Amino acid sequence: MTIDPGNGAVMLAAIFLVVNAGLSLALQLGFVRRMAVAAVRMTVQLALVGLVLEVVLNSASAWLTFGVMSFMVAVAGYEIMARQERPFGGFWGYGLGATTMLMGSAIVTVFALTIQLAPEPWYSPRHPTPLFGLTPGNAMTGIALGLNALTGEVTARRRGIEAHLLTGISRWQAMKPAMRRAATAGLVPIINAMTATGIIALPGMMTGQILAGADPSQAVRYQLMVMFLIAGATGLGLIVAVIGGVIRLTDNRHRIRLDRLRG
Amino acid sequence: MTGSTEAAAHPGGLEIRRLTSAIIDVSGVHVLPGRPVALVGASGSGKSSLLRAIVDLDRNEGDIWLNGVRRADLPAPEWRRRITYVPAEPGWWGERVGDHLGDPGEDRSADLRRVLGLSHIRPEQPVEQLSTGERQRLALALGLSRNAEALLLDEPTAALDEDNRALVEELLDPMLAAGLVLIMATHDPEQARRLGLERLEIVRGRIGGDQPDPAGTGT
């Protein structure tokens, strides 16, 4: 049995935000504005995406599916750049995050569509669009954190890395500790999510499915599959992004090139 | 022009021909074995930038030969194994002293550390715990232990007291007599005199005027 919450019921859930806002004002915690903006933004974005998905799902057009996916990647690529303290200059600032995220997400989505779910036709948008919507969001966070850790690490430890280079080792050897830190920083959120899932947190997607009336064991299977795909997409995109970042932060004379960062 | 003709034209020592970077513009310097050089100049004149450019740590253009081998013909790591640069403020890539010493069998700096009065320092000590002077002497011991063909020292005794400065000079003296190729940036004319270094002045990134004369008789 599915209970469809009406618009009024949904808005009623926002009452707790109003309580929060009141507390913030009383205690001068100063987050009213940011929280209000985020809540309104979420409402507008989700309402719009609902409209778009309705059109996309009813159209079964490969082009429309592809168009929606491209838009998601374009926005996520921008988000990665915006989250960098010092992004790479020029095309790389946008391109490195966007292409690696696209690569990771595309590989796992194609894999899921061709081998695991195999809908007919493959572009029947009920499957690719939501699947592809889940992976870039998570890969985006991982890649943004990883690249930020990499550039921050090399900026902060430049003297030490150069001292290591002066012993006559290659840039890859000298950058190994920074690469390790970047990979850890980028993977911690998804590792934490996998660890906590099911014990202290019921995943939003699975909960939504069960609330909407799905069989719990089916919901669990979908959730597992999606988590594996997300972790895979994040890891693949992150590794390539970190390698690309090292290539950009050093040059073929094995020098540190912080001048290629903005700011 | 490559190969043997070039090598014959650049027999020994460190020869710099027209080296330019964002900061320096050096037209020609030739440091011969046994004719070590003191690089002098005001703060900000480009002493460290010149040394960094020679070991290819900063972007630069120009030709450098070391004992007949051209820099451009070697990968940068191989070049840096032949020419050691010890910065004024040494860098550390690990937490502990031991991270920088190599495996126990390969710890080639043990004797140098003892000579420089660092026997009391243990590998498990954090580098941060050492005094500024101890860190500078440790970096020098590590640099010297690499047995490079040429040595670039940036203010190697700036953080040292008189006794430790004497230790460093006593260590360098016989090496110089044995023909070590050395450029030492220094603010101390007395030190340059004690070590018998020829003066090479850098002014606003440029070197001109009184360069060491390869055919000269020394001072």
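Residues numbered from 1 in each chain as written. Chains lettered and ligands numbered in written order. Predicted model: local features only at pLDDT ≥ 70, side-chain atom pairs only at ≥ 80, totals over all residues. Heavy atoms only, no water.

Student: Help me out: how do you make sense of the overall build of chain B in this one?
Tutor: Along its length, chain B carries seven helices and ten strands. Looking at the 219 residues of chain B, the share that counts as buried comes to 49%. Looking at chain B as shown, the accessible area adds up to about 10,400 Å², and 49% of this sits on carbon and sulfur atoms. (Helix = DSSP H or I, 4+ residues; strand = E, 2+ residues; numbered from the N terminus. Buried < 20%, exposed > 50% of the residue type's maximum accessible area, 1.4 Å probe, protein only. Areas by Shrake-Rupley, 256 points an atom, 1.4 Å probe, with all protein chains shown as cover.)

Student: What am I meant to see in the interface of chain B and chain A here?
Tutor: Size of an interface: often given as the accessible area lost when the parts come together. Counting residues at the interface gives 22 residues for chain B, matched by 17 residues for chain A. It is Leu57, Arg80 and Trp93 of chain B in chain B that bury the most area against chain A; as a group they hold 34% of the surface buried on that side. The tally of links between chain B and chain A comes to six salt bridges. Counting every contact that joins chain B to chain A gives twelve residue pairs in polar contact (both at pLDDT 80 or more). A per-element tally of the side of chain B that touches chain A places helix α3 (residues 76–82) of chain B first, with four residues. Class assignment of the residues belonging to the side of chain B that touches chain A gives a composition of eleven nonpolar, two polar and nine charged. (Contact = heavy atoms within 4.5 Å. Buried area = accessible area lost by both parts, 1.4 Å probe. Salt bridge = Lys/Arg side-chain N within 4 Å of Asp/Glu carboxyl O. Polar contact = N/O pair within 3.5 Å; in protein donor to acceptor, adjacent residues only side chain to side chain. Nonpolar A, V, L, I, M, F, W, Y, C, P; charged D, E, K, R; others polar.)

Student: How should I be thinking about the pairing of strand β9 (residues 198–203) of chain B in this particular structure?
Tutor: All names here are of chain B. The side-chain alternation of β9 yields one buried face, formed by Glu198, Leu200 and Ile202, and one unburied face, formed by Arg199, Glu201 and Val203. By the bridge criterion, four bridges tie strand β3 (residues 37–40) to β9 in an arrangement that is parallel. The partner of Leu39 across the bridge, within β9, is Leu200. Note that β9 and strand β10 (residues 206–207) share two bridges and pair antiparallel. Each bridged residue has a counterpart across the sheet, and for Val203 the counterpart in β10 is Arg206. (Pairing = 2+ DSSP bridges.)

Student: Explanation requested: the side chain of Glu155 of chain B in the structure shown.
Tutor: Residues and elements named next belong to chain B. In this fold, Glu155 is placed in the loop between β7 (150–154) and α6 (162–177). Put simply, Glu155 is tucked away with no salt bridge, and the nearest opposite charge, on Lys47, sits 4.6 Å away. In this structure Glu155 touches Lys47, Ala88, Gln136, Ala185, Thr186 and His187, once residues within four positions along its chain are discounted. (Lys, Arg positive; Asp, Glu negative; His and termini not counted.)

Student: Explain the domain arrangement of chain A to me, please; I cannot follow it from the model alone.
Tutor: Residue and element names in this part refer to chain A. Domain boundaries assigned for chain A yield domain 1 (1–59) and domain 2 (62–260). Averaged C-alpha coordinates put domain 1 and domain 2 at centres separated by 27 Å. Counting residues at the interface gives eight residues for domain 1 and nine residues for domain 2. When the two sides are added together, the surface that domain 1 and domain 2 hide from each other amounts to roughly 650 Å², 72% of it contributed by carbon and sulfur. Counting every contact that joins domain 1 to domain 2 gives zero salt bridges. (Domains from an automatic or database assignment.)

Student: Would you explain the sheet that holds strand β6 (residues 83–86) of chain B in this entry?
Tutor: Two orientations exist for strands paired in a sheet by backbone hydrogen bonds: parallel and antiparallel. The strand order β5-β4-β1-β2-β10-β9-β3-β8-β7-β6 (chain B) describes an open sheet built from ten strands, whose pairing is mixed. Of all the strands in the sheet, the pair left with one neighbour each is β5 (69–70) and β6 of chain B.

Student: What am I meant to see in unusual backbone geometry here?
Tutor: Trans peptide bonds make up the majority, and among non-glycine residues the majority have a negative phi. Residue and element names in this part refer to chain A. Positive phi, close to 55°, is recorded for His254, a residue that is not glycine. Structurally, the position occupied by His254 is in the segment after α10 (216–249). The class for His254 is buried, based on a relative accessible area of 14%.

Student: Would you mind showing me how to read the pairing of β7 of chain B here?
Tutor: For a regular strand, side-chain orientation follows a simple rule: the groups alternate between the two sheet faces. Residue and element names in this part refer to chain B. Most of β7 sits out of view: five of its five residues are buried. On β7, burial covers both faces: Ala150, Leu152 and Asp154 on one face and Leu151 and Leu153 on the other are all buried. Alignment of β7 against strand β8 (residues 181–185), held across five bridges, turns out to be parallel. Following the sheet pairing, Leu152 is matched in β8 by Ile183. The β-α-β motif built from β7, the intervening α6 and the parallel element β8 has right-handed crossover chirality. (Right-handed = clockwise from strand over helix to strand, strands pointing away.)

Student: When you look at the packing of helix α9 (residues 204–211) of chain A against α10 of chain A in this model, what are you seeing that I'm missing?
Tutor: When two helices pack together, you describe them by how their axes are tilted relative to each other and by the distance separating the axes. Residues and elements named next belong to chain A. Packing of α9 against α10 brings their axes to within 9 Å, and their N-to-C directions diverge by 155°. Classified by the interaxial angle, the pair formed by α9 and α10 is roughly antiparallel. Between α9 and α10 lies a crossing of right-handed hand. Contacts between α9 and α10 involve Met205, Met206, Gln209 and Ile210 on the former and, on the latter, Pro216, Ala219, Val220, Tyr222, Gln223 and Val226. Of the residues that constitute the contact of α9 with α10, the class distribution is eight nonpolar, two polar and no charged. (Axes fitted to C-alpha atoms, helices over the stretch in contact; angles between N-to-C directions. Parallel < 35°, antiparallel > 145°, perpendicular 65-115°, else oblique. Left-handed = near helix turned anticlockwise from the far one by under 90°.)

Student: Is there a simple way to think about the pattern of salt bridges in this case?
Tutor: Two side chains of opposite charge can pair, provided their charged atoms sit close to one another. Overall, the coordinates contain 29 salt bridges over all chains when judged by the stated rule. Put simply, Arg194 of chain B and Glu169 of chain B hold a salt bridge, and the shortest N to O gap is 2.7 Å. Of the two residues, Arg194 of chain B is situated in helix α7 (residues 189–195) and Glu169 of chain B in helix α6; the sequence distance between them amounts to 25 residues. Looking at Arg194 of chain B, the relative accessible area reads 35%, which means it is partly exposed. When salt bridges with common partners are traced through the structure, they connect Asp251, Arg253, Arg255, Arg257 and Asp259 of chain A together with Asp56, Arg59 and Arg71 of chain B into a single cluster.

Student: Which parts of the structure should I look at to understand the layout of surface pockets?
Tutor: Gaps between atoms show up when a probe of the same size as a water molecule is rolled over them. Residue and element names in this part refer to chain A. Looking at the largest pocket, its volume works out to about 1,700 Å³. As for the largest pocket, its lining consists of 35 residues, of which Leu46, Val49, Leu53, Met72 and Gly133 are closest to the centre. With ten residues, helix α3 (residues 32–59) is the single largest residue contributor to the lining of the largest pocket. Of the residues belonging to the lining of the largest pocket, the class tally is 23 nonpolar, eight polar and four charged. Per-domain counts for the lining of the largest pocket show at least three residues from each of domain 1 (1–59) and domain 2 (62–260). In this structure, the second largest pocket occupies an estimated 660 Å³ of space. (1 Å grid on protein atoms, 1.4 Å probe; cavity = no way out; pocket = protein on both sides within 12 Å on 5 of 7 lines; lining within 4 Å. Points joined across faces, edges and corners; volume = space filled by probe spheres on them.)

Student: Would you mind showing me how to read the packing of helix α2 (residues 15–27) of chain A against α3 of chain A here?
Tutor: Residue and element names in this part refer to chain A. Remark: α2 packs on α3, axes separated minimally by 9 Å, with the N-to-C direction vectors making an angle of 160°. If you check the angle between α2 and α3, you find them roughly antiparallel. Considering only the axes of α2 and α3, their crossing is left-handed. Note on element contacts: α3 touches α2 through Val32, Met35 and Ala39, opposite Leu17, Asn20, Ala21, Ser24 and Leu25. Grouping the constituent residues of the contact of α2 with α3 by class yields six nonpolar, two polar and no charged.

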